Amino acid sequence: MDIESRLRKAIERKEFLLHFQPILNGRDRIITGLECLIRWQSPELGRVSPAEFIPIAEETGLIHSIGEWVLLEACRQNKRWQNEGLPKIPIAVNLSTQQFNDGKIIERIENILNETGLAAEYLVIEITESMTMNKHHALTLLRNLKKLGVSIAIDDFGTGYSSLSYLSELPIDKLKIDQSFVKGMDLHNVNASIVNTIITMAENLNLQVIAEGVETEEECRLLLQYGCMTMQGYMFGHPMESGAVSELLALEQ
Ligand code: G
Ligand code: G
Ligand code: MN
Ligand code: NA
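Fair warning: this is a prediction, and the values are worked out from it, not measured in the lab.

**A short note on the overall build of the protein chain**
Move 1: Helices and strands together make up the secondary structure of the protein chain, namely 11 helices and nine strands.
Move 2: Against the globule reference of 18 Å for 253 residues, the protein chain gives a C-alpha radius of gyration of 18 Å, in line with a compact fold.
Move 3: Dimensions along the principal axes, computed over C-alpha positions, put the protein chain at roughly 50 × 45 × 35 Å.
Move 4: In the protein chain, which comprises 253 residues, the proportion classed as buried is 36%.
Move 5: For the protein chain, the share of sequence-separated contacts (at least 6 apart) that also reach a separation of at least 24 residues comes to 67%.

As structure tokens, then:
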């Protein structure tokens, strides 16, 4: 059987699961958010990376049902943590291009929020710069998301071709600096000045900035020095199962 057919069966066979990576304040290390990352445990293929199967899901249109499952599970799980009395934090879900261009995506998200009872302020939608290139579509969709009360983050910022001045015309809330700029940052290299510049511009545009891929104390220290408090990376935590998140959140109460 090819990977497409296996992918087709994976939802009904419950082969997908969600992992969650903490997003923290780099100073006090308090968890201020989570990013949802899908995992596929195939009985035949073993663990398949989303970097491998998401593109196939996009080409085949399977992304619609997979993406819908991710949104539903993410909202359901976040509501479950809240019901357990754990600190209320937003959960970020990656949207794919096909989902972004789906005429019914707003309705789908609204239905999922209603069905799970999660307040919209606790959902963040992550999109990439390239999805916003059709400005008319991006404006319409993002405005409708904002009307629902959902937050919007630009993921992998710096790897696309959009400028911050372009993004400033869109109703976005957060900017995630791509890990390629964060990795190996030190005082004297070009990555450090790129990151510093992005942080300063984001501040001027009133965008919350999040550094991705933080792996070392030195990167964390420099980010704080440049004014970026919010971070995500292996240094603080790998993507983990919901039970591990519960334990971390319980420690913060
Ligand atoms: O978790 P990991 O680093 O292996 O993810 C690899 C890639 O897959 C990343 O670019 C990530 O954004 C993407 N990805 C992970 N989960 C999802 C998801 O639920 N939906 C979409 N569209 N992409 C995802
Ligand atoms: O494209 P997106 O930013 O959504 O994907 C995030 C991906 O980055 C996930 O696959 C996650 O596992 C991975 N990731 C998260 N933190 C780190 C890190 O500190 N180092 C590296 N190399 N990858 C990371
Ligand atoms: Mn992401
Ligand atoms: Na990213």
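**Quick word on the site of ligand 1**
Move 1: The environment of ligand 1 is formed by L37, I38, S49, P50, A51, I54, V70, N94, S96 and P239.
Move 2: Those elements giving two or more residues to the shell around ligand 1 turn out to be strand 2 (31-42) and helix 2 (50-60).
Move 3: Tallied by class, residues from the shell around ligand 1 come to seven nonpolar, three polar and no charged.

**A look at the environment of A57**
Move 1: Relative to the helices and strands, A57 resides in helix 2.
Move 2: Measuring from C-alpha to C-alpha, the distance between A57 and F100 comes to 14 Å, with 43 residues separating the pair along the chain.
Move 3: In contact with A57, other than residues within four places in its own chain, are L7, L62, I63 and I66.

**Looking at the site of ligand 2**
Move 1: The full set close to ligand 2 counts 14 residues, and G213, E215, G233, Y234 and P239 are the nearest of them.
Move 2: Considered class by class, the residues forming the shell around ligand 2 number four nonpolar, six polar and four charged.

**Observations concerning the environment of C228**
Move 1: Assignment of secondary structure puts C228 in the loop between helix 10 (217-226) and strand 9 (230-231).
Move 2: Between the C-alpha atom of C228 and that of V214, which follows or precedes it by 14 residues, the distance is 12 Å.
Move 3: The contact partners of C228, leaving out residues within four places of it in the chain, are I199, V209, A211 and L223.

**So, the pairing of strand 1 (residues 16-25)**
Move 1: Bridge analysis of strand 1 against strand 2 gives nine bridges, and the strand direction is antiparallel. Residue pairing for strand 2: L17 is matched across the bridge by R39.
Move 2: Alignment of strand 1 against strand 9, held across two bridges, turns out to be antiparallel. When the bridges of strand 9 are listed, L24 appears paired with M231.

**A short note on the pairing of strand 5 (residues 123-128)**
Move 1: Where burial is concerned, most of strand 5 is hidden: five out of the six residues are buried.
Move 2: With four bridges joining them, strand 4 (residues 91-94) and strand 5 adopt parallel strand pairing. Residue pairing across strands places A92 opposite V124, the latter belonging to strand 5.
Move 3: By the bridge criterion, five bridges tie strand 5 to strand 6 (residues 151-157) in an arrangement that is parallel. Bridge pairing in strand 6 places I125 opposite I152.
Move 4: The β-α-β motif built from strand 5, the intervening helix 6 (residues 135-148) and the parallel element strand 6 has right-handed crossover chirality.

**Topic: the nonpolar core**
Move 1: Of all hydrophobic cores here, the largest spans 65 residues; its most connected members are C36, I91, V93, L123, I125, I177 and V209.
Move 2: Ranked by residue count, the leading element in this core is helix 3 (residues 63-83), at six residues.
Move 3: Sequence-distant contacts of V209, defined by excluding residues within four places in its chain, comprise L175, I177, I198, I199, A202, C228 and T230.

Conventions used here
- Position numbers for residues count from 1 along each chain, tracking the sequence in the order it is written.
- To label them, take the chains in the order written and letter them from A, then take the ligands in the order written and number them from 1.
- Where totals are concerned, whole chains, interfaces and linings use all residues; where local detail is concerned, this predicted model gives features only for residues with pLDDT of at least 70, and gives and counts side-chain atom pairs only at 80 or more.
- Helix numbers and strand numbers start at the N terminus; a helix is a DSSP run of H or I with at least 4 residues, a strand a run of E with at least 2.
- Within these notes, the globule rule equals 2.2 Å times the number of residues to the 0.38 power, and the radius of gyration is based on C-alpha atoms.
- Counting other C-beta atoms within 10 Å of a residue's C-beta gives its exposure: the residue is buried at 20 or more, exposed at 12 or fewer, and partly exposed in between, where C-beta atoms are placed from the backbone.
- Two residues form a contact once the distance between their C-beta atoms, set from the backbone, is within 7 Å.
- Only the C-beta atom matters for this test: placed from the backbone, it must lie within 6 Å of a molecule or strand for the residue to be near it.
- Residues are grouped as follows: Ala, Val, Leu, Ile, Met, Phe, Trp, Tyr, Cys and Pro are nonpolar; Asp, Glu, Lys and Arg are charged; all remaining types, including Gly, are polar.
- At least two DSSP bridges between two strands are required for those strands to pair.
- By convention, orient the strands away from the viewer: a clockwise path from the first strand over the helix to the second makes the crossover right-handed.
- Buried Ala, Val, Leu, Ile, Met, Phe, Trp, Tyr and Cys residues form a nonpolar core when they are connected through C-beta atoms within 7 Å.

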